[in-house]
Amino acid sequence: IPVDNFDLVIFGGTGDLARRKILPGLFRRFRAGQMPEDARVIAAARSEHDDASYRSEIEAAIKEFGGAESKDRKGLKAFLERLHYVAVDARGDGGWQQLKDLMRDGVVRAFYFSVAPGLFGDLAERLHTHGIADRDSRLVVEKPFGRDLKSARALNATLADHFNEDQIYRIDHYLGKETVQNLMAVRFANVLFEPLWNSHYVDHIQITVAETVGVGGRGSYYDKSGAMRDMVQNHLMQLLCLIAMEPPNQFEADAVRDEKLKVIRALQPIDSHHIVRGQYEASEKTASYREDVENPKSTTESFIALRATIANWRWAGVPFYLRTGKRLKARSSEINVVFKDLGHSIFEGDEARHRNVLTIRLQPNEGIDLQVTIKEPGPGGMRLIDVPLDMTFAQALGDEADDVTDAYERLIMDVIRGNQTLFMRGDEVEAAWAWTDPLIEGWEARHDVPKVYDTGSSGPEDSLMLMHRDGRRWRDIK
Ligand code: NAD
């Protein structure tokens, strides 16, 4: 279904994110017929380009990052004609009048801030003073949204000077994933799960986001950030919210976000022995974390595992174990809802503790499966085995696009539709920082030094102990 006609201005349209994700994603929506024929994408950035040179740059980017779809040369040519370029200086006056002249009336106006957050205020102000943005315009902003509560508040205040909250779309691409949306369908459109979704039946929940890559070219940025700020405060906490929230009374942006906010506010402070930080060691082929960030004394974490608890009726006493890290054994993101043991087994010799586990897999092979116990087929007697009830829906994605591009394109279409459900609200972001800030301040005050872990492992030994101590174990990263 095509969305309304639009002019989408991408500030930072020549940057890495625009070239690798935003424009290839828009091209896929264009090919799918979702982008109206005369919708336009206007790139605004610092370099000097005209439409023709910008188009050829993006043509190359889409061929490189756009997957199999970029072989559609006719489609690509038609899409490139939708692109325009204006050289704009976020901190000066150059280019703004030209941008204003380009914008059409009567179409959705969206402005994507794909630039360093230090420029958000300048851009918001100039959009306003040059009369380019109005009350109906939409603003898309990228992460990182601050590095602590104070800076996030300042950013929110800066944007609020010129835009209302219902115009602001803070992107967390994890929320654009098919599985995440499906998680809400599974929870709230079935009678089976919701009655069991509480401390009476759930033993604990695990959320793992494991990467095999190191910090790559982002070393200097990453070393000032670390896994807590870069991954937990946004992506993992968003996943936790969707698992833990109460059913909203309708599937509508503020109803959903109100419930997520309540979860964040109910998160309890964490003792230092329930947090494990790590740094990867060198392997034969790859450098260590400290070498990668060129900081031999760095105490920033490339891995973190923690045990969180939510103080409300539904989740009293149910631990949420979260972990994420780089250079781990596999690229894998999943949520596991591990149900309690049966109180009593009627099957003789059933010492193995058979447990139902609902696995929500975001990466690879997006899908959901439920581990159930059945009789081993055949005449061998009453032996029990665990099998997955598989709800894999990794649909026609194939190898046409990676999952991140897919998430971006969905979210951008939601911006044009004016649907904020899958975007973080300002108060959510601030509440998340309000929870993580004291944890970070705690380890800084203790001068905590991260534990080292082998490249290709599951993280530091202590992170395994975090669960062993509780008589539990992490699901394998695979
Ligand atoms: P980049 O450095 O590759 O690109 C920056 C862009 O900003 C360029 O187009 C540049 O021309 C423009 N720019 C810089 N100064 C300007 C000015 N004064 N006036 C106008 N334009 C100016 O950055 P990026 O990697 O594309 O990241 C952009 C934003 O997205 C950042 O906030 C980043 O944190 C965020 N982000 C990036 C990624 C990624 O994969 N690259 C992922 C998540 C979030």
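Reading guide: rules and limits
Residues numbered from 1 in each chain as written. Predicted model: local features only at pLDDT ≥ 70, side-chain atom pairs only at ≥ 80, totals over all residues. Helix = DSSP H or I, 4+ residues; strand = E, 2+ residues; numbered from the N terminus. Rg over C-alpha atoms; globule rule 2.2 N^0.38 Å. Buried ≥ 20, exposed ≤ 12 C-beta atoms within 10 Å, placed from the backbone. Contact = placed C-beta atoms within 7 Å. Near = placed C-beta within 6 Å. Nonpolar A, V, L, I, M, F, W, Y, C, P; charged D, E, K, R; others polar. Pairing = 2+ DSSP bridges. Axes fitted to C-alpha atoms, helices over the stretch in contact; angles between N-to-C directions. Expected span 1.5 Å × (residues − 1). Core = buried A, V, L, I, M, F, W, Y, C linked by C-beta atoms within 7 Å. Domains from an automatic or database assignment. Arc of directions from axis to C-beta. Parallel < 35°, antiparallel > 145°, perpendicular 65-115°, else oblique. pLDDT = per-residue confidence, 0-100.

(A) Quick peek at the overall build of the protein chain. The secondary structure content of the protein chain amounts to 14 helices and 15 strands. Against the globule reference of 23 Å for 478 residues, the protein chain gives a C-alpha radius of gyration of 24 Å, in line with a compact fold. Here the protein chain, with 478 residues, has 42% of them falling under the buried criterion. Considering only contacts within the protein chain whose residues lie at least 6 apart along the sequence, 77% involve residues at least 24 apart.

(B) Structural detail: the site of the ligand. Close to the ligand lie 23 residues; Gly12, Gly15, Leu17, Ala45 and Ala90 are nearest. Along the lines of polarity and charge, the residues of the shell around the ligand split into 11 nonpolar, six polar and six charged.

(C) Seen up close, the sheet that holds strand 14 (residues 384-392). With respect to topology, nine strands assemble into an open sheet ordered 14-13-12-11-7-10-9-8-15, the strand pairing being mixed. What marks the edges here is a single partner per strand, and that holds for strand 14 and strand 15 (451-453). Strand after strand, the sheet turns through a mean of 20° between neighbouring axes, direction not considered. Of the strands in this sheet, strand 12 (357-363) and strand 13 (367-375) are in contact with helix 7 (residues 178-188), which crosses strand 12 at around 155°.

(D) Broad picture of helix 12 (residues 403-417). Helix length check: helix 12 (15 residues) gives 21 Å between terminal C-alpha atoms against 21 Å at 1.5 Å per residue, within 8%. Buried within helix 12 we find Asp403, Thr405, Asp406, Ala407, Tyr408, Glu409, Leu411, Ile412, Met413, Asp414, Val415 and Ile416. Of the surrounding elements, those touching the buried residues of helix 12 are strand 1 (6-11), helix 1 (16-31), strand 4 (108-113), strand 5 (138-141), strand 6 (168-170) and strand 12. Gly418, located one to two residues past helix 12, shows a positive phi value of around 80°.

(E) Spotlight on the nonpolar core. Residues Phe11 and Leu240 are the most contacted members of the largest nonpolar core, which totals 122 residues. Here the element with the most residues in this core is helix 9 (residues 226-244); it accounts for 12 residues. Summarising the domain contributions, this core has at least three residues from each of domain 1 (6-142) and domain 2 (175-468). Excluding residues within four positions of it along the chain, Phe11 makes contact with Ala44, Ala45, Ala90, Phe111, Tyr112, Phe113, Ser114, Val115 and Leu123.

(F) Summary view of the pairing of strand 13. With five bridges connecting them, strand 12 and strand 13 associate as antiparallel partners. Note on strand 13: the bridge partner recorded for Arg361 is Gly367. Remark: three residues form the turn of the hairpin made by strand 12 and strand 13, two consecutive strands paired antiparallel; Asn365 in that turn has positive phi of roughly 50°. Across nine bridges, strand 13 lies against strand 14 in antiparallel orientation. Across the sheet, the residue bridging to Gly367 is Thr392, located in strand 14.

(G) Just helix 10 (residues 253-266), in detail. Spanning 14 residues, helix 10 covers 20 Å between terminal C-alpha atoms, matching the ideal 20 Å at 1.5 Å per step. Of the residues making up helix 10, those classed as buried are Val256, Arg257, Lys260, Leu261, Val263 and Ile264. Along the axis of helix 10, the buried residues cluster in a sector spanning 155°; they form a single face.

(H) Summary view of the domain arrangement of the protein chain. Here the protein chain is described as being made up of domain 1 (6-142) and domain 2 (175-468). For domain 1 and domain 2, the distance between their C-alpha centres works out to 33 Å. Mapped onto the side of domain 1 that touches domain 2, the elements with two or more residues apiece are helix 1, strand 4 and strand 5. Of the residues in the side of domain 1 that touches domain 2, the class split is eight nonpolar, three polar and five charged.

(I) Expanded view of the packing of helix 1 against helix 2 (residues 51-65). Running from N to C, helix 1 and helix 2 cross one another at 90°; their axes reach a closest spacing of 9 Å. The orientation of helix 1 with respect to helix 2, classified from their angle, is roughly perpendicular. Between helix 1, through Arg19, Arg20, Leu23, Pro24 and Phe27, and helix 2, the contact on the second element is made entirely by Ile58, Ala61, Ile62 and Phe65. When its residues are assigned to classes, the contact of helix 1 with helix 2 shows seven nonpolar, no polar and two charged.

(J) Here's a closer look at the sheet that holds strand 2 (residues 40-45). Read from one edge of the open sheet, six strands run 3-2-1-4-5-6, paired in parallel fashion. With one partner strand each, in any of the chains shown, strand 3 (83-87) and strand 6 form the two edges of the open sheet. Pairs of neighbouring strands in the sheet enclose a mean axial angle of 20°, with direction left out of account. As paired strands, strand 1 and strand 2 are joined by five bridges and run parallel to one another. Counterpart to Ile10 in the pairing with strand 2 is Ala43.

(K) Focus on the pairing of strand 10 (residues 320-325). For strand 10, a buried count of six out of six residues is recorded, marking the element as mostly surrounded by other parts of the structure. Because side chains alternate across strand 10, one face comprises the buried residues Phe320, Leu322 and Thr324, and the other comprises Tyr321, Arg323 and Gly325, equally buried. By the bridge criterion, six bridges tie strand 7 (residues 202-210) to strand 10 in an arrangement that is parallel. Residue pairing in the sheet places Ile205 in a bridge with Phe320 of strand 10. By the bridge criterion, six bridges tie strand 9 (residues 303-308) to strand 10 in an arrangement that is antiparallel.

(L) Seen up close, the confidence of the model for the protein chain. The pLDDT averaged across the protein chain works out to 94; a share of 97% of its residues lies at or above 70. For residues 396-401, every residue scores under 50 in pLDDT, and the model assigns this stretch nine contacts once sequence neighbours within four places are set aside.

(M) Structural context of the environment of Ser47. Structurally, Ser47 is set in the loop between strand 2 and helix 2. With 42 residues separating them in the primary sequence, Ser47 and Asp89 have C-alpha atoms 9.2 Å apart. In contact with Ser47, not counting residues within four places along its chain, are Thr14 and Ala87.

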